[in-house]
Amino acid sequence: MKNQVRELRTQRGLAQGQLAEAMGVSRQTINSIENDRYTPSLPLAIALARFFGRPVEEVFHADRTA
Amino acid sequence: MPTEPPEVTGGRRPRPQAGGGWWALLVSLALGGILWAASWIGGHPVAGLFSFLIMVAFGAIFVVGRRSESIRMMAAGHRADERWRSIDLRATATAGLAVITVVIVAFIWEIAHGRSGQPYALLGAIAGLAYLVALVWLRWRS
């Protein structure tokens, strides 16, 4: 599962820790999501999409090359 | 500007704070104390002291490393975030698989040497039964 979390976060000038704090998860979790090592649960994916004001399918999308 | 975090909280928990390390130390001390007392009652106070010191060292790791996010998550238990709970679940399953493998191998070893296979037969039966109960329970809930 690919995602745009890193791009959206840096566009807003947020550190991983700040986004983690807002989402109620650890900084490592945000880092793992950004590096495609962890696929978040549906509630967390929706929360991230809402945080960035984007549709969830715009933030998370299937890795078609895999 | 980022929007406010949504009110949807399913799957998300408040981040565990560094204080969890002290709780882990207290639990370790309590468990170590029980082990020491049990060993003392069983006539092995020195072995009990050794167990107690191991538990103290284990608990101290949580206090010394309480600023580490990983240590905080380990100490948080069910309050850890969803990724850590997933890691914890898989680590627990791996540990369970290792124990069950050892129990089965030990059971086979015992019966191959003409012994009854106890206590490994009982441990294996408990593991199998617990798995079936969990399977039925989780199937019923989902």
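Here the structure is a predicted model, which means the values were calculated and not measured.

Our next topic: a nonpolar patch on the surface. Together, I100, I104, I108 and I111 of chain B give the surface a local cluster of nonpolar side chains, amounting to about 340 Å² of exposed area. Take I111 of chain B: it is sitting in helix 4 (residues 82-112).

Residues and elements named next belong to chain A. Going through the model one piece at a time under the given rule, you end up with one cavity of 30 Å³ or more. Here the largest cavity defines a volume of roughly 30 Å³. Considering the residues around the largest cavity, the lining is formed by M1, N3, I33, D36, Y38, T39, P40 and F60. Per-class residue counts for the lining of the largest cavity are five nonpolar, two polar and one charged.

Glancing now at the side chain of T29 of chain A. Tracing the backbone through its elements, the reader meets T29 of chain A in helix 3 (residues 27-34). Other than its neighbours up to four places away in sequence, T29 of chain A contacts Y38 and L44 of chain A together with D81 and R83 of chain B.

Residue and element names in this part refer to chain A. In total, this model carries five salt bridges over all chains according to the counting rule given. Residues E58 and R54 are paired through a salt bridge, measuring 2.9 Å at the closest nitrogen-oxygen approach. For R54, a relative accessible area of 32% gives the class partly exposed.

Residue and element names in this part refer to chain B. Evaluated as defined, the whole model comprises five aromatic pairs over all chains. The interplanar angle of 35° and the centroid separation of 6.0 Å between the aromatic rings of W36 and W40 together place this pair among those described as tilted. Of the two residues, W36 and W40 are both situated in helix 1 (residues 20-41); the distance of four residues between them amounts to about one turn of the helix. According to the relative accessible area criterion, W40 is exposed, its value standing at 53%. Ring centres 5.2 Å apart and planes at 35° place the aromatic pair W36 and F52 in the tilted group. Linking W36 in helix 1 with F52 in helix 2 (residues 45-64), this pair joins segments that are 16 residues apart in sequence. Given the relative accessible area of 18%, F52 is considered buried. In textbook terms, an aromatic cluster arises when at least three aromatic residues are bridged by ring pairs, as seen for W36, W40 and F52.

Here we come to unusual backbone geometry. Outside of glycine, negative phi angles account for most residues, and trans bonds account for most peptide bonds. Cis geometry is found at the peptide bond from Q118 of chain B to P119 of chain B, where omega equals 5°. Relative to the helices and strands, P119 of chain B is located in the loop between helix 4 and helix 5 (120-141). Its identity as a non-glycine residue notwithstanding, D36 of chain A has a phi of 60°, on the positive side. Here D36 of chain A shows up in the loop between helix 3 and helix 4 (42-52). For D36 of chain A, a relative accessible area of 35% puts it in the partly exposed group.

Looking at the element boundaries, A112 of chain B is found in helix 4. In this structure the C-alpha to C-alpha distance between A112 of chain B and A80 of chain B, which are 32 residues apart in sequence, comes to 45 Å.

The next subject is helix 4 of chain B. Along its 31 residues, helix 4 of chain B runs 45 Å from first to last C-alpha, staying within 8% of the 45 Å computed at 1.5 Å per residue. Considered for burial, the residues of helix 4 of chain B that qualify are E82, R83, W84, V103, A106 and E110 of chain B. The elements touched by buried residues of helix 4 of chain B are helix 3 and helix 4 of chain A together with helix 3 (69-76) and helix 5 of chain B. Remark: G114 of chain B follows helix 4 of chain B within two positions and exhibits a positive phi of approximately 80°.

Basis of the calculations
- Residues numbered from 1 in each chain as written.
- Chains lettered and ligands numbered in written order.
- Predicted model: local features only at pLDDT ≥ 70, side-chain atom pairs only at ≥ 80, totals over all residues.
- Heavy atoms only, no water.
- Patch = residues over 30% accessible without salt bridge, like charges linked within 9 Å, V, L, I, M, F, W, Y side chains within 5 Å.
- Areas by Shrake-Rupley, 256 points an atom, 1.4 Å probe, with all protein chains shown as cover.
- Salt bridge = Lys/Arg side-chain N within 4 Å of Asp/Glu carboxyl O.
- Helix = DSSP H or I, 4+ residues; strand = E, 2+ residues; numbered from the N terminus.
- 1 Å grid on protein atoms, 1.4 Å probe; cavity = no way out; pocket = protein on both sides within 12 Å on 5 of 7 lines; lining within 4 Å.
- Points joined across faces, edges and corners; volume = space filled by probe spheres on them.
- Nonpolar A, V, L, I, M, F, W, Y, C, P; charged D, E, K, R; others polar.
- Contact = heavy atoms within 4.5 Å.
- Buried < 20%, exposed > 50% of the residue type's maximum accessible area, 1.4 Å probe, protein only.
- Phe/Tyr/Trp six-rings, centres within 6.5 Å; stacked < 30°, edge-to-face > 60°.
- Expected span 1.5 Å × (residues − 1).

This is a description of form; function is not addressed.
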